[in-house]
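What follows is the residue order along each chain.
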Amino acid sequence: MFKQRIEQALEEREERGLLRKIHKLERGNLFEFRQTTDSVVNYSSNDYMGLASDKQLTQVWQEGLDRYGNGSGSSPLVTGYNNVHSELEETLCDWLGFERAILFNSGFSANQALLFTLLEKGDLLLQDKLNHASLIEAGMLSPATMKRFKHNDVEHLKRLLTDCALVATEGVFSMDGDLAPLADISHAVDGKGWLAVDDAHGIGVVGREGRGSCDYAGVKPTILIVTFGKAFGLSGAAILCDRYVGEYLTQFARHYIYSTSMPLAQAGTLTEAAKMLRSDEWRREKLSELNHYYDQLFESFDGYIKTHTPIKPMILGDSARAVTVANKLRAEGHWVTAIRPPTVPEGRARLRLTLTVNHTRSHLEQLAQSLQHVLKEVR
Ligand SMILES: *Cc1c(COP(=O)(O)O)cnc(C)c1O
């Protein structure tokens with residue numbers, strides 16, 4: 001029975017041209033890497049600030065390994081919690097203005113932990129329709145009643161909102177690169193419930209001192225989720241909250257209690273990454289410069305969308321066309337991902353490009369040239 005079900009699901013995906021493929025890269029996920037003999041420029045990472053390959057950060061990690069050894073050895077409530085973890089938490093609290101930070105090994109588990117721990121039967125959870133899979137899935141599996149409001153539609157949110165709701169949105173949407181209208185959302189939720197913002201793509205990138213989309217919009221949510229796999233250049237996540245929610249999560253969040261805490265060397269490296277994101281204004285300036293140059297070069301293309309973030313969608317519509325265009329670009333040395341349903345809605349297949357501080361104006365010029373003729377070839 002299982003075998004039949006699996007075969008059927010795989011065949012169906014293949015027939016619809018939606019089969020996903022794992023690419024085996026020959027070096028790290030750097031901004032430029034090798035495929036067989038050719039060098040390819042990577043426009044598909046979330047390493048906006050270039051920290052994934054930053055030499056200074058690598059050195060901090062290496063020194064951390066020498067100092068603390070390899071793994072943490074256990075979960076946080078047993079013996080897996082160290083000064084190094086608490087220093088990371090304090091650094092995050094000080095930077096982002098919260099009382100508590102609780103560390104997780106991934107953004108996916110942080111979101112699941114939050115919704116599973118906080119919500120009970122009879123609660124109302126309202127989520128933006130385009131929220132990340134980890135939030136949507138956690139909402140569906142939680143005992144609460146979940147409703148989704150239309151993407152960034154505050155009027156729709158208000159119609160669904162009753163007292164005692166948890167409203168969850170991303171700060172920057174990962175597939176469209178657009179910002180949530182956080183000031184309006186926060187105003188609507190005020191006095192009626194709590195606001196949780198997952199700022200995976202905004203933290204370190206927007207806002208004063210890289211404090212993220214909430215700072216940019218001038219709001220403070222009850223709960224902020226930050227992940228370390230994007231601008232931080234590593235992996236892991238934290239939930240920022242007040243001391244009561246923090247204590248509650250420490251007592252009841254199973255993804256926290258029953259999971260080995262992150263290696264000490266990693267926590268120490270993340271503290272350094274947080275400090276760099278806070279102080280390295282030049283990284284945000286460089287990105288903003290590239291952003292403007294991207295607009296200049298690409299605004300005349302069909303499917304171009306202006307964004308305030310380094311995430312650049314180019315809507316092509318048809319899945320097969322998006323895949324063919326991405327393959328041709330790759331053959332010319334630009335690693336661009338085609339994003340297809342079910343990740344994005346039907347008919348909205350796209351190329352998703354991300355800019356990082358390691359890209360140059362000349363990279364973008366070459367990409368624009370290639371895209372121009374590839375789009376003409378693939379109708
Ligand atoms: C990437 C991402 C996550 C998952 O974080 P990981 O640390 O990669 O598990 C969660 N939410 C959003 C909005 C994301 O973009």
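In what follows, the structure referred to is the one given above.
Quick notes on the rules
- Residues numbered from 1 in each chain as written.
- Predicted model: local features only at pLDDT ≥ 70, side-chain atom pairs only at ≥ 80, totals over all residues.
- Heavy atoms only, no water.
- Helix = DSSP H or I, 4+ residues; strand = E, 2+ residues; numbered from the N terminus.
- Rg over C-alpha atoms; globule rule 2.2 N^0.38 Å.
- Buried < 20%, exposed > 50% of the residue type's maximum accessible area, 1.4 Å probe, protein only.
- Contact = heavy atoms within 4.5 Å.
- Axes fitted to C-alpha atoms, helices over the stretch in contact; angles between N-to-C directions.
- Parallel < 35°, antiparallel > 145°, perpendicular 65-115°, else oblique.
- Left-handed = near helix turned anticlockwise from the far one by under 90°.
- Nonpolar A, V, L, I, M, F, W, Y, C, P; charged D, E, K, R; others polar.
- Phe/Tyr/Trp six-rings, centres within 6.5 Å; stacked < 30°, edge-to-face > 60°.
- Lys NZ or Arg CZ within 6 Å of the ring centre and 35° of its normal.
- Pairing = 2+ DSSP bridges.
- Near = heavy atom within 4 Å.
- Polar contact = N/O pair within 3.5 Å; in protein donor to acceptor, adjacent residues only side chain to side chain.
- Areas by Shrake-Rupley, 256 points an atom, 1.4 Å probe, with all protein chains shown as cover.
- 1 Å grid on protein atoms, 1.4 Å probe; cavity = no way out; pocket = protein on both sides within 12 Å on 5 of 7 lines; lining within 4 Å.
- Points joined across faces, edges and corners; volume = space filled by probe spheres on them.
- Core = buried A, V, L, I, M, F, W, Y, C linked by side-chain atoms within 4.5 Å.

Visitor: Mind laying out the overall build of the protein, listing which residues take part and the relevant values?
Guide: Helices and strands together make up the secondary structure of the protein, namely 14 helices and 13 strands. Taking 379 residues into account, the globule formula puts the C-alpha radius of gyration at 21 Å, and the protein, at 21 Å, falls close to it. Counting only C-alpha atoms, the protein reaches 60 × 50 × 50 Å along its principal axes. For the protein, with 379 residues in total, the buried portion stands at 52%. Partitioning the contacts of the protein with sequence separation of at least 6, the portion at a separation of at least 24 is 69%.

Visitor: Quick one: what's the story with the packing of helix 13 (residues 319–331) against helix 14 (residues 361–377), residue by residue and with numbers?
Guide: It is at 10 Å that the axes of helix 13 and helix 14 come closest, and there the two elements cross at 140 degrees. When the axis of helix 13 is compared with that of helix 14, the two are oblique. The handedness of the crossing between helix 13 and helix 14 is right-handed. Along its contact with helix 13, which presents Arg-321, Val-325, Lys-328 and Leu-329, the element helix 14 presents Ser-370, Leu-371, Val-374, Leu-375 and Glu-377. Considering only residue class, the contact of helix 13 with helix 14 consists of 5 nonpolar, 1 polar and 3 charged.

Visitor: Kindly report on the packing of aromatic side chains, identifying the contributing residues and their values.
Guide: Under the defined criterion, the tally for this structure stands at 7 aromatic pairs. The rings of Tyr-294, Phe-298, Phe-301 and Tyr-304 are connected pair by pair, giving a single aromatic cluster. The ring of Phe-98 is capped by Lys-220, whose NZ or CZ atom sits 4.5 Å from the centre of that ring. For Arg-361, the ring lying beneath its charged end belongs to Tyr-293, and the centroid distance is 3.8 Å.

Visitor: Account for unusual backbone geometry, with residues named and values stated.
Guide: For the peptide bond that leads from Pro-341 to Pro-342, omega is 10 degrees, which places it in the cis range. Of note, Pro-342 is situated in the loop between strand 12 (337–339) and strand 13 (349–354). Although it is not a glycine, Asn-152 sits at a positive phi angle of roughly 55 degrees. On the secondary structure map, Asn-152 appears in the loop between strand 5 (145–149) and helix 6 (154–160). Of note, Cys-164 is a non-glycine position whose phi angle comes to about 65 degrees, a positive value. In this structure, Cys-164 sits in the loop between helix 6 and strand 6 (165–170). Since its relative accessible area comes to 62%, Cys-164 is described here as exposed.

Visitor: Please provide a residue-by-residue account of the pairing of strand 5, values included.
Guide: As paired elements, strand 4 (residues 124–128) and strand 5 share 5 bridges and run parallel to each other. Its bridge partner being in strand 5, Asp-128 is matched across the sheet by Phe-149.

Visitor: Summarise the site of the ligand; cite the residues concerned and give the values.
Guide: Residues in contact with the ligand amount to 13 residues; listed here are only the nearest, Gly-107, Phe-108, Asp-198, His-201 and Lys-230. Note that an oxygen atom of the ligand is positioned 2.7 Å from one of the backbone N or O atoms of Gly-107. A distance of 2.6 Å separates a nitrogen atom of the ligand from a polar atom in the side chain of Asp-198. The fraction of the free accessible surface of the ligand (380 Å²) that becomes covered by protein chains is 82%. Here the element with the most residues in the shell around the ligand is helix 4 (residues 107–118); it accounts for 3 residues. The class makeup of the residues in the shell around the ligand is 2 nonpolar, 8 polar and 3 charged.

Visitor: I'd like a description of the layout of surface pockets, backed by residues and values.
Guide: Roughly 1,400 Å³ of internal volume is contained in the largest pocket. Every residue lining the largest pocket is counted, 42 residues in all, and those nearest its centre are Arg-20, Met-175, Thr-337, Ile-339 and Thr-343. Residue assignment for the lining of the largest pocket shows that the elements contributing at least two residues are helix 5 (133–141), helix 13 and strand 12. A per-element tally of the lining of the largest pocket places helix 13 first, with 4 residues. Of the residues that constitute the lining of the largest pocket, the class distribution is 19 nonpolar, 13 polar and 10 charged.

Visitor: Tell me what's going on with the environment of Ala-188, and back it up with residues and numbers.
Guide: Mapped onto the elements of the fold, Ala-188 is located in helix 7 (residues 182–189). We classify Ala-188 as buried; its relative accessible area is 13%. When the C-alpha positions of Ala-188 and Val-154 are compared, they lie 7.7 Å apart, and in sequence the two are 34 residues distant. What Ala-188 contacts, discounting residues up to four positions off in sequence, is Val-154, Lys-158 and Leu-161.

Visitor: Describe the nonpolar core, listing the residues and the values that go with them.
Guide: In this structure, Leu-92, Phe-228 and Phe-232 are the most contacted members of the largest nonpolar core, which totals 82 residues. The element best represented in this core is helix 11 (residues 264–279), accounting for 7 residues. Ala-110, Ile-223, Cys-241 and Val-245 belong to the second-largest nonpolar core, a separate cluster that totals 25 residues.

Visitor: Run through the sheet that holds strand 12, naming residues and quoting values.
Guide: Strand order in this open sheet of 3 strands is 10-13-12, and the pairing throughout is antiparallel. For this open sheet the edge positions go to strand 10 (311–317) and strand 12, each flanked by a neighbour on one side alone. Direction aside, neighbouring strands of the sheet carry axes that sit 30 degrees apart on average. When strand 10 meets strand 13, the two strands line up antiparallel, connected through 6 bridges. Residue Lys-312 lies in a different strand from strand 13, and its bridge partner there is Leu-353. Relative to the sheet, helix 13 contacts strand 10, strand 12 and strand 13, its axis offset from that of strand 13 by approximately 35 degrees.

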